Amino acid sequence: MRAADEALIVIDVQNDFCPGGALAVAGGDEIVEPISALMTEFQAVILTQDWHPEGHSSFASSHEGLEPFSVTSMPYGPQVLWPDHCVQGSQGAAFHPGLLTDTAQMIVRKGFNPAVDSYSAFFENDQTTPTGLEGYLRTRGITKLTMVGLALDFCVNFSAVDGAKLGFAVSVKKNLCRAIDMDGSLEAALENMKRAGVQLNG
């Protein structure tokens, strides 16, 4: 069992991000079983869950004439527009049935603000509105974070970089992540994490 000051953060292992889902990440289901095995090794396990209301501003369907995976400008900066996904209460928003969710002590739901998307486990995409995860980790005395999940080049990347900026020692197990890799996003994310001091393993 890992030390009490270490936490595993499992990012968005949800049906819509796995094959057959609305925003499927290739091979997303391949990592579910090994992540569940890893969850049993940690005293502290946190899950994140994309949790959008219908008509969320990050959905391409909310912007007439714009297609999924195009980029638009939001008050907080550029925003990729996605297919409708992880709508609150839907089967697509549910965790993958193979994920060992009973071992988690906390679920951080993100993206529920209809006007702002949220990739990071720590902040919404305006980079100022906190999710509350930092406070939870600090009050539990956790200083080291291991991150796994979906997708490596978006939500894992943003979560890892924010965690490092907040002073946590962050490592990402690449073999327990899968990426969207859109227009070079994977290579850019890996460089971004390295610059932030995130340790990349696997």
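Look above for the structure.
Please read these numbers as outputs of a predicted model, since none were measured by experiment.

Rules used in this analysis
- Residues numbered from 1 in each chain as written.
- Predicted model: local features only at pLDDT ≥ 70, side-chain atom pairs only at ≥ 80, totals over all residues.
- Heavy atoms only, no water.
- Helix = DSSP H or I, 4+ residues; strand = E, 2+ residues; numbered from the N terminus.
- Polar contact = N/O pair within 3.5 Å; in protein donor to acceptor, adjacent residues only side chain to side chain.
- Contact = heavy atoms within 4.5 Å.
- Buried < 20%, exposed > 50% of the residue type's maximum accessible area, 1.4 Å probe, protein only.
- Arc of directions from axis to C-beta.

Novice: Is there a simple way to explain the side chain of Gln79 in this structure?
Specialist: With respect to the secondary-structure elements, Gln79 resides in strand β4 (residues 77–80). Polar side-chain contacts of Gln79 include one of 3.3 Å to the side chain of Tyr119. Filtering out sequence-adjacent residues up to four positions away, Gln79 remains in contact with Ser58, Ser70, Val71, Thr72, Met74, Asp117, Tyr119 and Asn125.

Novice: It is not clear to me how helix α1 (residues 32–39) should be interpreted in this structure. Could you clarify?
Specialist: Since the α-helix packs 3.6 residues into each turn, any two residues three or four apart lie on the same face. Among the residues of α1, Val32, Ile35, Ser36, Leu38 and Met39 are the ones counted as buried. Buried residues of α1, seen end-on, are gathered within an arc of 160° and therefore sit on one face of the element. Against the buried residues of α1 lie β1 (6–11), β2 (44–50), β6 (144–150) and β7 (169–178).

Novice: Can you walk me through unusual backbone geometry in this structure?
Specialist: With the exception of glycine, most residues fall at negative phi, and the peptide bonds are largely trans. With omega at -15°, the peptide bond leading from Leu150 into Ala151 counts as cis. Mapped onto the elements, Ala151 comes out in the loop between β6 and α3 (152–165). With a phi angle near 50°, Asp12 is a residue other than glycine that sits in the positive phi range. Residue position: Asp12 is located in the loop between β1 and α1.

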